[in-house]
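Here is what each chain is made of, one letter per residue.
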Amino acid sequence: MRVANSLKTLKKRHKACRVIRRKGRVYVINKTNPRFKARQG
């Protein structure tokens, strides 16, 4: 899991990436390739 300032760039890394808000934090998750997980906040 990467902690990043901008998740918009990380979302573009893979087609299956989704941006999701949980408990005030913003996450990028990818079910097909969990290597692309990221967090902000």
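Please read all numbers here as calculations on a predicted model, not as lab measurements. (Residues numbered from 1 in each chain as written. Predicted model: local features only at pLDDT ≥ 70, side-chain atom pairs only at ≥ 80, totals over all residues. Heavy atoms only, no water.)

A.B. asks: Is there a simple way to think about the environment of Arg21 in this case?
C.D. replies: Inspection of the secondary structure assignment puts Arg21 in strand S2 (residues 18-22). C-alpha separation for the pair Arg21 and Arg39, spaced 18 residues apart in sequence, amounts to 9.7 Å. (Helix = DSSP H or I, 4+ residues; strand = E, 2+ residues; numbered from the N terminus.)

A.B. asks: I tried to follow the nonpolar core on my own but got confused; where do I start?
C.D. replies: Nonpolar side chains in soluble globular proteins generally cluster together in the buried interior. Within the largest apolar cluster, seven residues are counted, these being Ala4, Leu7, Leu10, Cys17, Val28, Phe36 and Ala38. Discounting chain neighbours no more than four positions away, the residues touching Phe36 are Arg13, His14, Cys17, Val28 and Asn30. (Core = buried A, V, L, I, M, F, W, Y, C linked by side-chain atoms within 4.5 Å. Buried < 20%, exposed > 50% of the residue type's maximum accessible area, 1.4 Å probe, protein only. Contact = heavy atoms within 4.5 Å.)

A.B. asks: Please explain the environment of Asn5 as it appears in this structure.
C.D. replies: Looking at the secondary structure, you find Asn5 in the loop between strand S1 (2-3) and helix H1 (7-11). When its relative accessible area of 75% is taken as the criterion, Asn5 is described as exposed.

A.B. asks: Sorry if this is basic, but what is going on with the side chain of Asn30 here?
C.D. replies: Relative to the helices and strands, Asn30 resides in the loop between strand S3 (25-29) and strand S4 (38-40). Residue class for Asn30 comes out buried when judged on its relative accessible area of 5%. Within the structure, the side chain of Asn30 is placed 3.0 Å from the side chain of His14, a separation counted as a polar contact. Within the structure, the side chain of Asn30 is placed 2.9 Å from the side chain of Thr32, a separation counted as a polar contact. Look past the residues within four positions of Asn30 in its chain and what remains in contact with it is His14, Ala16, Cys17 and Phe36. (Polar contact = N/O pair within 3.5 Å; in protein donor to acceptor, adjacent residues only side chain to side chain.)

A.B. asks: For this particular structure, what's the right way to read the confidence of the model for the protein?
C.D. replies: On average, residues of the protein score 94 in pLDDT, and 100% of them reach the 70 mark or higher. Least confident of the elements in the protein is H1, whose mean pLDDT is 93; most confident is S3, at 96. (pLDDT = per-residue confidence, 0-100.)

A.B. asks: Which parts of the structure should I look at to understand the packing of aromatic side chains?
C.D. replies: Aromatic ring pairs: the centre-centre distance and the angle between the two ring planes describe each pair. Within this structure, the stated rule accounts for zero aromatic pairs. If you follow Arg22 out to its NZ or CZ, it ends over the ring of Tyr27, 6.0 Å from the centre. (Phe/Tyr/Trp six-rings, centres within 6.5 Å; stacked < 30°, edge-to-face > 60°. Lys NZ or Arg CZ within 6 Å of the ring centre and 35° of its normal.)

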